[in-house]
Amino acid sequence: MTYVQRVLEDLKQRNPGEKEFHQAATEILLTLEPVINAHPEYQKAALLERFTEPERTVLFRVPWVDDNGNVHVNKGYRVQFNSAIGPYKGGLRFHPSVNLSVIKFLGLEQILKNSLTGLPIGGGKGGSDFDPKGKSDREIMAFCQSFMTELFRHIGADTDVPAGDIGVGAREVGYLFGQYKRIRNEHVGVLTGRGLSYGGSLMRKEATGYGLVYMTAEAMKQRGETFEGKVTVISGSGNVAIYACEKAQELGAKVVAMYDSNGYIYDPNGIKLDVIKQIKEVERGRIKEYADRVAGATYSEGCKGIWTIPCEVALPCATQNEIDEESAKSLIANGVRYVGEGANMPSTLEAISAFQNANVIFLPAKAANAGGVATSALEMAQSSGRLFWSAEEVDAKLKTIMVNIYHNVDKAAKKYGYEGNYVMGANIAGFEKVAEAMMAHGIV
Ligand code: NDP
Ligand code: 2IT
C-alpha cells in the first residue's frame, strides 16, 4: 500500500460514516501520488495526515425563538481546516442536510480552491442544519444573531473570515455582520459578501457565476471555440446559477433549463433571466412559477430529469452529487462537450470518470467556482485598505484570476503527464503551495 492509500484508509477509519468527506478526500488524495512520490520528505513530516485533519473544529448549540414563541435548537459548525497560506476563509451553509461530514468535505476542497486563486487565504467552512425556507425575516434575524453570538469568539478579520454559501446570501450576511459588530464593537472585514453600504465589494454577488463562465470560455478559446450558440443547461437557480446564466447568455449561449430542489423548467426559446430573478431574488418563490409566466416553457417535478436534456455545455450550480453516473452517461449520450462545476462536488466519483473517459472537457469545482472566494479576498483587500474599487476593476481582476487558474491547472496536469485531466491539475497545483508553506512552518 502506498503512503497516499494508507492515509486515505486511516482517514476513513478515523472518521467513520462521513461519506461526503471520504468522497472529497478520495478524489483529492489519489491524484496527489505524483507529487508525493517526487517529495519523500512529505511522508517523513506526516504532511498528508496533517493536511487531512482540521486544525480546529467548533461545534455549538444555536437556540432561537420562532414567530409563535416556540423555541428551536439547531447545530452550528465552523471547521478551521488549514491556515498555512492565510486566515481561514470559506462560506457558511444553512441547509437541513448540513452535518459535520458535509462541512469537512467543503472545508477540505476550500483549502485547495483558495490556494488556486493565488491569494493569501487558508481554508475553512461552517454552517448549520437550520432551514431558512419559509421563515420570516425576523426568524432569520433571530437565528443569525444567535449563531453569531457563539461564532464571534472564533473568527476575526485576520483569523477566520466567513461568507455565504447555500442558504446564506446578502440578507443573512447583513444580520450576521450586525451582530458581530455589536458584540465586538469593531467595523472590520470579518465577513465577505457584505452589502455595498457597509464595506462589501462590487461584483462579489456575480463573481462565482461569472468566474465559472470566464473559465469555461477560456477552455473553449484554447480549442478555437466560444459560447456563441451553445445550448447550455444550468442546475440550481440560486446565486451561482443566476449569474452563470447571466454571463453565459451575454457570451451568446442558449440556456434552456434551470432547477430548484422541487423540479426543473425547460424553455426551448432560451431562459428569460429577468423572470427567474423576479421569482427567486425578489419573491423568494419556486421555479415552477416560471412555466406559468413564460409561454412555451414547461415544468417537470424532480431534479434528475434536467440531465436528460440535450446540451453541449452543462453547468451544475446547485449542490453536491447532483450528477451521478447515470446522469453523466445521459449527458454524454446527448452530446455534452463541456462540464463546468459551479457547485461544490456536484459530480460523483463515477460521474467524473465517465466524463473523463468520454473526453468531455471537465472543469472541477475547486478551479471553476473559485471566482467567488477570489472576489471575497479582493473584498478583504479593499476592507484592509479602506478602499472601494469600481465594478470594472474588480471584474477585470476576477477574469484575470480565472484565466490564470485555468492555465496553471492545465500546466500542472501536463507537467505530470496527465494532459487534459483538470482534476489532477487542480489538485496538484492547489496542493503544491499549501505543502510548501506547511513544510516551512515545521510540525504544527
Ligand atoms: P443558493 O442558496 O443561492 O442556491 C442554491 C440552489 O441550489 C437553489 O436553487 C436550491 O434550490 C438548489 N439546491 C440546494 N440544495 C439542493 C438539493 N439538495 N437538491 C436540489 N437543489 C438544491 O446557493 P449558492 O448558489 O450560493 O450555492 C450553490 C452551489 O455553489 C453550492 O454547492 C455552493 O457550495 C457553491 N458555491 C457557492 C459560492 C458562492 O459564492 N455563493 C462559491 C463557490 C461555490 P432550493 O431553493 O429549492 O433549495
Ligand atoms: O464555496 C465557496 O467557495 C464559497 N461558498 C465562497 C466562500 C467565500 O469565502 O467567499
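Each value, and the rule that gives it
- Residues numbered from 1 in each chain as written.
- Chains lettered and ligands numbered in written order.
- Predicted model: local features only at pLDDT ≥ 70, side-chain atom pairs only at ≥ 80, totals over all residues.
- Heavy atoms only, no water.
- Near = heavy atom within 4 Å.
- Helix = DSSP H or I, 4+ residues; strand = E, 2+ residues; numbered from the N terminus.
- Nonpolar A, V, L, I, M, F, W, Y, C, P; charged D, E, K, R; others polar.
- Buried < 20%, exposed > 50% of the residue type's maximum accessible area, 1.4 Å probe, protein only.
- Pairing = 2+ DSSP bridges.
- Axes fitted to C-alpha atoms, helices over the stretch in contact; angles between N-to-C directions.
- Parallel < 35°, antiparallel > 145°, perpendicular 65-115°, else oblique.
- Left-handed = near helix turned anticlockwise from the far one by under 90°.
- Contact = heavy atoms within 4.5 Å.
- Polar contact = N/O pair within 3.5 Å; in protein donor to acceptor, adjacent residues only side chain to side chain.
- Areas by Shrake-Rupley, 256 points an atom, 1.4 Å probe, with all protein chains shown as cover.
- Disulfide = S-S within 2.5 Å.
- Phe/Tyr/Trp six-rings, centres within 6.5 Å; stacked < 30°, edge-to-face > 60°.
- Lys NZ or Arg CZ within 6 Å of the ring centre and 35° of its normal.
- Expected span 1.5 Å × (residues − 1).
- Bend = angle between axes of the 7 residues up to and from the residue.

### Some details on the site of ligand 1
- Lining the immediate environment of ligand 1, one finds 26 residues, of which Asp 165, Thr 208, Ser 261, Arg 286 and Asn 344 sit closest.
- Of all the secondary-structure elements, those providing two or more residues to the shell around ligand 1 are α9 (204–222) and α10 (239–250).
- The class makeup of the residues in the shell around ligand 1 is seven nonpolar, 12 polar and seven charged.

### Comments concerning unusual backbone geometry
- With a phi angle near 50°, Arg 284 is a residue other than glycine that sits in the positive phi range.
- Mapping Arg 284 onto the fold places it in the loop between α11 (273–282) and α12 (288–293).
- Note on Arg 284: relative accessible area 51%, which makes it exposed.
- Of note, the phi angle at Arg 386 is positive, near 50°, even though the residue is not glycine.

### Concerning the sheet that holds strand β3 (residues 88–94)
- One open sheet holds the five strands; their spatial order is β1-β2-β4-β3-β5, and the pairing between them is mixed. Each of the sheet's edge strands pairs with one partner strand only, and the pair in question is β1 (56–65) and β5 (160–163). Direction aside, the axes of adjacent strands within the sheet are offset by 20° on average.
- Two elements, strand β2 (residues 71–82) and strand β4 (residues 122–128), share six bridges in a ladder whose sense is antiparallel. Within β4, the residue paired with Arg 78 across the bridge is Gly 126.

### Brief notes about the packing of α10 against α11
- Contact geometry for α10 and α11: axes closest at 11 Å, N-to-C directions at 165°. On the basis of their axis angle, the class for α10 and α11 is roughly antiparallel. With respect to the hand of their crossing, α10 and α11 are arranged in left-handed fashion. On α11, the residues that touch Ile 242, Tyr 243, Cys 245, Glu 246 and Gln 249 of α10 are Leu 273, Ile 276, Lys 277, Lys 280 and Glu 281.
- Among the residues forming the contact of α10 with α11, the class breakdown is five nonpolar, one polar and four charged.

### Focus on the site of ligand 2
- For ligand 2, the set of nearby residues contains 14 residues, the closest of which are Lys 89, Lys 113, Asp 165, Arg 204 and Ser 376.
- A distance of 2.9 Å separates a nitrogen atom of ligand 2 from a polar side-chain atom of Asp 165.
- Within the side chain of Arg 204, an N or O atom sits 2.9 Å from an oxygen atom of ligand 2.
- Contact with the protein chains removes 94% of the 300 Å² of surface that ligand 2 exposes when unbound.
- At the level of elements, β3, α6 (100–116) and α16 (370–385) are the ones that each hand at least two residues to the shell around ligand 2.
- Taken together, the residues that form the shell around ligand 2 break down as two nonpolar, seven polar and five charged.

### Here's the deal with the sheet that holds strand β10 (residues 313–316)
- Read from one edge of the open sheet, seven strands run β9-β8-β7-β6-β10-β11-β12, paired in mixed fashion. Two strands lie at the open edges of the sheet, namely β9 (298–301) and β12 (361–363), each paired on one side alone. On average, each strand axis in the sheet is tilted by 15° relative to the strand beside it, whichever way the strands run.
- With three bridges connecting them, strand β11 (residues 338–340) and β12 associate as parallel partners.

### Here we look at the state of the cysteines
- Within the structure shown, the criterion is met by zero disulfides.
- Left without a disulfide partner, Cys 317 is nearest to the cysteine sulfur of Cys 245, which lies 9.6 Å away.
- For Cys 317, a relative accessible area of 8% corresponds to the buried category.

### As for the packing of aromatic side chains
- With the rule as written, the count across this model stands at 17 aromatic pairs.
- Relative to Phe 362, the ring of Phe 355 has its centre 5.8 Å away and its plane inclined at 20°; by these criteria the two rings are stacked. Of the two residues examined, Phe 355 and Phe 362, each falls in the buried class.
- Taken together, the ring pairs connect Phe 60, Trp 64, Phe 94, Phe 130, Phe 143 and Phe 147 into an aromatic cluster.
- One residue, Lys 397, lies across the ring of Trp 389, its end atom 4.8 Å from the ring centre.

### Structural notes on helix α18 (residues 422–440)
- Between its terminal C-alpha atoms α18 stretches 27 Å, which fits the 27 Å expected from 19 residues at 1.5 Å a residue.
- Remark: the principal bend of α18, roughly 25°, maps to Phe 431.
- Where burial is concerned, most of α18 is hidden: 14 out of the 19 residues are buried.
- Backbone nitrogen of Val 423 and a side-chain oxygen of the N-cap are separated by 3.2 Å at the start of α18; the cap is Asn 421.
- Within two residues after α18, Gly 442 carries a phi angle of roughly 80°, on the positive side.

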